[in-house]
Structure formats: C-alpha cells, structure tokens
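Residue strings, one per chain:
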Amino acid sequence: MKRIVIENAVRVNENSEMVPCSLLVEEGIIAGINGSWEKDANTVIIDAKGLVLTPGFIDLHVHLREPGGEGKETIRTGARAALRGGFTQIFAMPNTQPTPDTPERLRDLQERARKDAPITIGFYAPITKGEKGEELVDLEVLSHAGAAAFSDDGKGVQSAGMMYRAMLNAQKLGKVLAAHCEEDSLLFGGYIHQGEYSKAHGHRGIHPLVEDLQIQRDIALSEATQCPYHICHMSTSKGVSMLGEAKKFSVPVTGEVTPHHLLLTEKDLQEDGDYKMNPPLRSERDRQALIQGLRDGIIDAIATDHAPHDEESKSRGLEGSAFGVVGLETAFPLLYTHLVLPGELPLKRLLDALTSGPAKVMGLETGRLEVGSPADLVLLDLEKTWNIEKKNFESKGKNTPFEGYSVKGQVHTVLAKGQIVMQGGQIID
Ligand SMILES: NC(=O)N[C@@H](CC(=O)O)C(=O)O
Ligand SMILES: [Zn+2]
Ligand SMILES: [Zn+2]
C-alpha cells in the first residue's frame, strides 16, 4: 500500500477559520498531521493548494434498492453517487425486497458491498420481519451477523409494545434503533404537508402530529429502556424541541435532518412528483427550527435520505408518485451555498454534522482528522461554481427538486480506506 502525503491544504478550525494543514497516510490510517515527512519512491504526493481537507462524509440514511429494486439503484451506482458527494461511509436502509432480516441476507449484502463499493457501507437490519410491523426480528442473531443498527425506515412501527421490546433488545446489544416516525392512524390519506399549499390546491395533508406523536412515544420508551434511539429525517419544530428536552434529561436520543428539509418548504412545492417525499416539505417555521436545532447541536447529523426512484414512479404528480428524493451528490454544495455562505450556519457546524456528528451517533472511529483514524478524507474546492444537472448524476435516480440550481463548492478528491478513489472530480475505477 502506498504512503500518501497531502500538502498545502487548509482545514477548518473550531471558529470556522481556515488553517494550514498537511497530512500523512500510511497503511490506510492517518499517520501524521502537520509534519514534514520523508518522501520516498513509494510516496504519492497530493498538492492540495486551494483545497479544504475534511474527514470523509458519513451518511446515516441512504436507500440503495439492492436487492429487488436494481432498476432504481444498486450498491455499485449508489456507492459512486456517494463518492461524488464526498461520502466515504454510508448506511443503507433495509426497505429492500426482501428485507435483510436473516443473517444470510445480511452477509450477502456485506459481501456485495465489499465487491462493488470502494467506500464503507453499513447495513441496517429491519426491526420487524419484512418491515411488516408484526413480528420482531432476532436482533441478537442479526447483530452478530453484522447489522450496523436497526430500522423499519419507510414505515413507522405502529405498536408501542413492539417498539418497547425492540428497544430492550437493542439496548442489551449496544445497537442504535433508528426510527421513521409516522403514526398511520392519523394519516387520513395525506401525502404532502397539511398547510397552506395543501389547502390552496386541494391536496390531502399530513399533519405534523403524525410524526410528533411517535417521537414523543419513542423518547419515553428510550428513557425507560435506555436504548440508544435515533430519529430519522426530522421535519417538525415540535420534534426539535422534544429532542432538545430529552437531551437535557440525558435520554440517549439523537436526530438527523435532510438537506431538503433544511432548504425547502411547502412554498416551493410544484405539481410534480420530484417534490414528494416522506416526511413532506413543511412550513417555514419548521424549517427555521431545523436550522436552529442543527446550529445548536440539538440535531446531531445531516443525512440525505437518498431515495432513488425511476421516472415512471415519479410521473404521477404529488398524489400518485412514490415518496422520496435523491441527495448524495448534491448535499454538501447545496448546504454550503444556501446555509453557510448566507451566514445561517457556520462552516464548522455543517462539516461536523456530516462527519463527527454521525460518527458519534453510531459510535464510529471515522469522522475525525486524528492520528490513528481510518484515512477516509475529502478535499473540497469551495471556490468552484457549477450547476446541478441530473443528467450528470452517478445515481440511477434523477428525482431531485434541485435541478438547475447554481451552487458553489465541489468535492474534488476523495480517499476511502487510505486509497485515492476520486481525484479532480473524476472517480478512479
Ligand atoms: N423518504 C422517502 O420519501 N422515501 C424512502 C422511505 C423513507 O425514507 O421513509 C424510500 O425508500 O423511498
Ligand atoms: Zn423514512
Ligand atoms: Zn429513508
């Protein structure tokens, strides 16, 4: 394995200032920071002048669609999309067909990831068999087979008793339970946010209560069981305040927010399936609460909820289309351009929420620029301006509401597990 020296970079300090930085990678590990090292014939030198060095990004929430939905995405195409976005470690949700609810299926996925992806992929196992909400999986067996965490994402777990039993088990195993919070009995056929837009255009709405009620229930369950509990794709102001309160009382709860919930509201809605996702785009008040929660560190992580769909599934308008938008390739530039540059979020906070934040949620050793950490690294060009064009996506999913957006900031070079896997914006095969 080659040694790699990164020279002339800068990194972002606690005050979001740029400070000079150089780094040495040996055997896939960060072996030195800010030194001058001997360069022999076995050393690759990366001149990172004008680039910002950060840990590789970590996404706790992606959908890779393999097995069963390979027309929408595969482990291979999803991993390439991740690379483009600067993500060196991603966690795949288990709402595939079938769900990985046996050790054999879980091991098969890990094997495929080792073959098809240069980055690190963790796999969630479902909480209930087939995500049907009826029968608990064997959390212990799946945990030993390598389940990164547990989630029934795509659906809420409707029974409090089921969630309680899952938490008791996950707590014993030291595993995170990540929840898509959605109370089905309050949906009444809703499919976008219940608010101004739904009223004005005659759509059935989803009340924030649908999400808040399960967040409230699960925080109580997490407090009772001491199970590490993670709230997926938070979209409501009430949810943020409940998470903040729970943390004050040391309940082991964490939360994530997506780029689309941070940047868009119901005011941006169009009669187009690419604006449909679960949870839905909510009010400006909710969006402001999410930004505030992220700024204050109440929300721990930014996760894309990358949810690729084919054109047909998205061609039936707001009512008939599938839920979900892609996000891996656009997360950093969108948030840098629309939150950091206007002064709404410090750059350090954005980077932490993409690196050390998610690492802490899952207890990972990645996500930090520290000697001894795995060499998952990103070099960013913060001066580069470009246009988001879905035709250029590595992902099979072209379902984005951000088509045509002009953004600043580009992922330039990526090291995953100590190997250079993207350089100058080009994926190295
Ligand atoms: N977010 C979405 O709108 N869709 C996700 C499921 C999910 O994350 O709940 C999907 O799998 O397509
Ligand atoms: Zn979900
Ligand atoms: Zn999801």
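These figures come from a predicted structure and were not determined experimentally.

1. What about the pairing of strand 18 (residues 419–423)?
And then number 1: Sheet analysis places strand 17 (residues 406–416) next to strand 18, joined by three bridges and oriented antiparallel. Bridge assignment links Ala416 to a residue of strand 18, and that residue is Gln419.
And then number 2: Here strand 17 folds back onto strand 18, and the loop between the two strands holds two residues, one of which, Lys417, carries a positive phi near 50 degrees.
And then number 3: As defined by bridge partners, strand 18 adjoins strand 19 (residues 426–427) across two bridges and the pair is classed as antiparallel. For Met422, the partnering residue across the bridge sits in strand 19 and is Ile427.
And then number 4: Between strand 18 and strand 19, which pair antiparallel one after the other, the connecting turn spans two residues, and Gly424 there sits at a positive phi close to 55 degrees.

2. Some remarks on the UniProt feature "binding site: substrate" (unreviewed entry) in the chain
And then number 1: Sites flagged by UniProt as "binding site: substrate" (unreviewed entry) map to His63, Leu64, Arg65, Asn95, Asn278, His309, Phe323 and Gly324.
And then number 2: In this fold, His63 is placed in the loop between strand 6 (57–62) and helix 1 (75–84).
And then number 3: Those residues in contact with His63, other than ones at most four positions away along the chain, are Glu73, Met93, Asn95, His306, Ala307 and Pro308.
And then number 4: As for its placement among the helices and strands, Gly324 is situated in the loop between helix 10 (317–320) and helix 11 (331–340).
And then number 5: Overall, the presence of 23 C-beta atoms within 10 Å leaves Gly324 in the buried class.
And then number 6: Ignoring anything within four residues of it in the chain, the contact list for Gly324 reads Met277, Ala307, His309 and Asn399.

3. Side note on the nonpolar core
Side chains that are nonpolar tend, in soluble globular proteins, to be buried together.
And then number 1: In this structure, Leu53, Tyr124, Phe150, Leu177, Leu335 and Leu350 are the most contacted members of the largest nonpolar core, which totals 128 residues.
And then number 2: For this core, the element with the most residues is helix 11, which contributes seven residues.
And then number 3: Inspection of this core shows a minimum of three residues originating in each of domain 1 (3–53 + 374–383 + 406–427) and domain 2 (56–362).
And then number 4: Once you skip the residues sitting within four places of it in the chain, Tyr124 turns out to touch Phe91, Ala92, Met93, Pro94, Ala147, Ala148, Ala149, Phe150, Ser151 and Ala178.

4. With respect to the sheet that holds strand 9 (residues 149–151)
And then number 1: Taken in spatial order, the eight strands line up as 6-7-8-9-10-13-14-15 in an open sheet, and their pairing is parallel. Across the chains shown, the open sheet's two edge strands, defined by having one partner strand only, are strand 6 and strand 15 (301–302).
And then number 2: As paired strands, strand 14 (residues 253–257) and strand 15 are joined by two bridges and run parallel to one another. Bridging across to strand 15, Glu256 finds its partner in Ala301.

Cut-offs applied
Residues numbered from 1 in each chain as written. Chains lettered and ligands numbered in written order. Predicted model: local features only at pLDDT ≥ 70, side-chain atom pairs only at ≥ 80, totals over all residues. Pairing = 2+ DSSP bridges. Helix = DSSP H or I, 4+ residues; strand = E, 2+ residues; numbered from the N terminus. UniProt positions renumbered as here; feature names shortened; annotations may be inferred. Contact = placed C-beta atoms within 7 Å. Buried ≥ 20, exposed ≤ 12 C-beta atoms within 10 Å, placed from the backbone. Core = buried A, V, L, I, M, F, W, Y, C linked by C-beta atoms within 7 Å. Domains from an automatic or database assignment.

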